[in-house]
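Here are the chains, one letter per residue:
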Amino acid sequence: MASFGNFTHAIVRGIPASLVQEALRSSLCQVDLVKAQHQLQLHIGTLKDELGLQVVELPADESLPDCVFVEDCAVVCGDTALITRPGAPSRRKETKAMKSALQELNFKIVEMKDDTATLDGGDVLFTGREFFVGLSKRTNHRGIEILAGAFKDYPVSTLPVFEGLHLKSFCSMAGPDLIAFGSSEPAQKTLKILQQTGDHHYKTLILPDDAAANCVFMNLSGKGQVLLHCTPEEYPNSAKVFERLTDHLLFPVPNSEMSKVDGGLSCCSVLISKTGS
Ligand SMILES: CN(C)C(=N)NCCC[C@H](N)C(=O)O
Ligand SMILES: [Zn+2]
């Protein structure tokens, strides 16, 4: 637990031009591809240049319009990498490149082979002590059962996702034992259930905007607590909440274009700790 968030590597993937027309989305918004690529470069630059992570960059694949959202393809914890079976059939082939990258990094690979199981990494919240997994449009009970089998050292609780795409569309870790949550009614309903079912008592950081509650926390040696979060341009009220955090090194990262296809900041990387602890 002491080393929660102590990441050394990140796996990211490029944006295919096909994202603009073909990526899955819940609303009709025109994505600016050049702007999206620029925003992703800023994000990757933060991971690499500001934070010193070793970044593995997988190439974009035009036949996989959502492939930039690598988070959904794998859950990595300890020495094990679970390769998921994404809920959307159009996304299933995204896992191939992720599996190769994680094999290359010497992880013990567990594959979700059962063709009744579905799980997206965006539904998986790991607190350092336990897993919470969203039962959503994309993740089902069998997928959660397989995750629990892959990570037997940790308790796994299921949480309902009442609205939106994934559990982490409205929450994420924002610090050690600190969970960021959106303030919408469906998000707050899920938070209540988390507080009743979890093994541990967590502090909460409540954000006015659900999407802004998707942030990226790290605890890096030499840097301390680090948080990638929404910009004041996109979510002014939520950004103010982050700006009040005094223990964190804060990095506002723009994400307006990915958010048009329901992607949050956490979706664009799989973060990995190869410290051995
Ligand atoms: C935490 N979130 C939201 C994610 N991990 N994934 C976002 C996937 C977005 C993609 N267009 C889709 O609909 O699959
Ligand atoms: Zn819009």
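Residues numbered from 1 in each chain as written. Chains lettered and ligands numbered in written order. Predicted model: local features only at pLDDT ≥ 70, side-chain atom pairs only at ≥ 80, totals over all residues. Heavy atoms only, no water.

Attention now moves to the site of ligand 1. As a structural note, the neighbourhood of ligand 1 is formed by 17 residues, with Asp66, Glu71, Arg91, Arg138 and Val261 the closest of them. Asp72 has a polar side-chain atom sitting 2.8 Å from a nitrogen atom of ligand 1. Between His166 and ligand 1, the recorded distance is 3.2 Å, taken from a side-chain N or O atom to a nitrogen atom. Here ligand 1, which alone exposes 400 Å², has 99% of that area covered by the protein. Judged by its atoms lying within 2 Å of the grid points, ligand 1 is housed in the second largest pocket. Looking at the shell around ligand 1 residue by residue, the classes come out as 5 nonpolar, 5 polar and 7 charged. (Near = heavy atom within 4 Å. Polar contact = N/O pair within 3.5 Å; in protein donor to acceptor, adjacent residues only side chain to side chain. Areas by Shrake-Rupley, 256 points an atom, 1.4 Å probe, with all protein chains shown as cover. 1 Å grid on protein atoms, 1.4 Å probe; cavity = no way out; pocket = protein on both sides within 12 Å on 5 of 7 lines; lining within 4 Å. Sits in = over half its atoms within 2 Å of the grid points. Nonpolar A, V, L, I, M, F, W, Y, C, P; charged D, E, K, R; others polar.)

Moving on, we get to the UniProt feature "binding site: substrate" (unreviewed entry) in the protein chain. UniProt records the feature "binding site: substrate" (unreviewed entry) for Leu24, Asp66, Glu71, Asp72, Arg91, Arg138 and Val261 in the present numbering. Of the annotated residues named above, the ones that line the largest pocket are Glu71. Within the fold, Arg91 resides in the loop between strand 4 (80–83) and helix 3 (95–104). Overall, the relative accessible area of 4% leaves Arg91 in the buried class. Among the polar contacts listed, one links the side chain of Arg91 to the backbone oxygen of Asp66, at a separation of 3.4 Å. With respect to the helices and strands, Val261 occurs in the loop between helix 7 (256–259) and strand 15 (270–272). Look past the residues within four positions of Val261 in its chain and what remains in contact with it is Leu19, Ala23, Leu24, Arg25, Val31 and Phe69. (UniProt positions renumbered as here; feature names shortened; annotations may be inferred. Helix = DSSP H or I, 4+ residues; strand = E, 2+ residues; numbered from the N terminus. Buried < 20%, exposed > 50% of the residue type's maximum accessible area, 1.4 Å probe, protein only. Contact = heavy atoms within 4.5 Å.)

Attention shifts here to the nonpolar core. Ranked by internal contacts, the top residues of the largest apolar core, which has 45 residues, are Phe131, Leu147 and Leu205. Setting aside its immediate chain neighbours within four residues, Phe131 contacts Val75, Cys77, Val124, Leu125, Phe126, Leu147, Phe151, Tyr154, Pro155, Val156 and Ser157. Formed by 29 residues, the second largest nonpolar core is a distinct cluster that contains Leu19, Val68, Leu220 and Val226. (Core = buried A, V, L, I, M, F, W, Y, C linked by side-chain atoms within 4.5 Å.)

What follows covers the sheet that holds strand 1 (residues 9–13). The sheet built from 3 strands is open, its strands ordered 2-1-15 with mixed pairing. Of all the strands in the sheet, the pair left with one neighbour each is strand 2 (54–58) and strand 15. Within this sheet the neighbouring strands show an average axis-to-axis angle of 20 degrees, counted without direction. The sheet contact formed by strand 1 and strand 15 spans 3 bridges and is antiparallel. Bridge pairing in strand 15 links His9 to Ile272. This element, helix 2 (residues 33–50), spans strand 1 and strand 2 of the sheet and lies at about 150 degrees to strand 2. Here helix 3 sits on the sheet in contact with strand 1, strand 2 and strand 15, set at roughly 155 degrees to strand 1. (Pairing = 2+ DSSP bridges. Axes fitted to C-alpha atoms, helices over the stretch in contact; angles between N-to-C directions.)

On to the packing of aromatic side chains, then. Each aromatic ring pair is summarised here by two numbers: the centre-to-centre distance and the angle between the ring planes. A full pass over the atoms with the stated rule returns 8 aromatic pairs. Pairing Phe4 with Phe126 gives two aromatic rings, centres 6.0 Å apart and planes at 70 degrees, and the pair type is edge-to-face. Pair noted here: Phe4 is in the segment before strand 1 and Phe126 is in strand 6 (residues 124–126), with a separation of 122 residues, a long-range link. The burial state of Phe4 is the same as that of Phe126; both residues are buried. Clustering of aromatic rings is evident, with ring pairs tying together Phe4, Phe126, Phe131, Phe151, Tyr154 and Phe217. The ring of Phe162 carries Lys189 above its face, with NZ or CZ at 4.1 Å from the centroid. (Phe/Tyr/Trp six-rings, centres within 6.5 Å; stacked < 30°, edge-to-face > 60°. Lys NZ or Arg CZ within 6 Å of the ring centre and 35° of its normal.)

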